[in-house]
Amino acid sequence: MPEGAGITRLREAARSCEGCDLYREATQTVFGDGPEDARLFLVGEQPGDVEDREGEPFVGPAGRLLDQAH
């Protein structure tokens, strides 16, 4: 990924990434969501089965835990 390429190019690069074995069982890329200029962001270990099916981050058990912490 070239330095300064921006969020759009990063999202595209993630969609075609085969740098580790996670892509083999995934049905789609689960990329971040939210404002690009956020002061804080959370990074998950890897998408779970619920996130993979829905294509959205933190919608499974980890997301429910975060919702409770809100």
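Please read these numbers as outputs of a predicted model, since none were measured by experiment.

1. Let's talk about the environment of Leu22
Part 1 of the reasoning: Position of Leu22 among the secondary structure elements: in helix H2 (residues 22-25).
Part 2 of the reasoning: For Leu22 and Gln46, which are 24 residues apart along the polypeptide, the C-alpha to C-alpha distance reads 8.3 Å.

2. Focus on the layout of surface pockets
Part 1 of the reasoning: Approximately 1,500 Å³ is the volume found for the largest pocket.
Part 2 of the reasoning: If you go around the largest pocket, you meet 43 residues; those closest to its centre are Val30, Phe31, Gly32, Pro47 and Pro57.
Part 3 of the reasoning: By residue number, the principal contributor to the lining of the largest pocket is helix H1 (residues 7-15), which donates five residues.

3. Looking at the pattern of salt bridges
Part 1 of the reasoning: Under the counting rule described, the total for this entry stands at two salt bridges.
Part 2 of the reasoning: Note that Arg24 and Asp21 form a salt bridge whose closest N and O atoms lie 3.1 Å from each other.
Part 3 of the reasoning: Look at Arg24 and you get exposed, because its relative accessible area is 54%.
Part 4 of the reasoning: Residue Asp21 is classed as exposed on the basis of its relative accessible area of 55%.
Part 5 of the reasoning: With a closest N to O distance of 3.4 Å, Asp49 and Arg53 form a salt bridge. Separated by four residues within a single helix, Asp49 and Arg53 lie in helix H3 (residues 49-54), roughly one turn from each other.
Part 6 of the reasoning: Exposure remark for Asp49: the relative accessible area of 52% places this residue in the exposed category.

What counts and what doesn't
- Residues numbered from 1 in each chain as written.
- Predicted model: local features only at pLDDT ≥ 70, side-chain atom pairs only at ≥ 80, totals over all residues.
- Heavy atoms only, no water.
- Helix = DSSP H or I, 4+ residues; strand = E, 2+ residues; numbered from the N terminus.
- 1 Å grid on protein atoms, 1.4 Å probe; cavity = no way out; pocket = protein on both sides within 12 Å on 5 of 7 lines; lining within 4 Å.
- Points joined across faces, edges and corners; volume = space filled by probe spheres on them.
- Salt bridge = Lys/Arg side-chain N within 4 Å of Asp/Glu carboxyl O.
- Buried < 20%, exposed > 50% of the residue type's maximum accessible area, 1.4 Å probe, protein only.

Nothing here speaks to function; it is geometry throughout.
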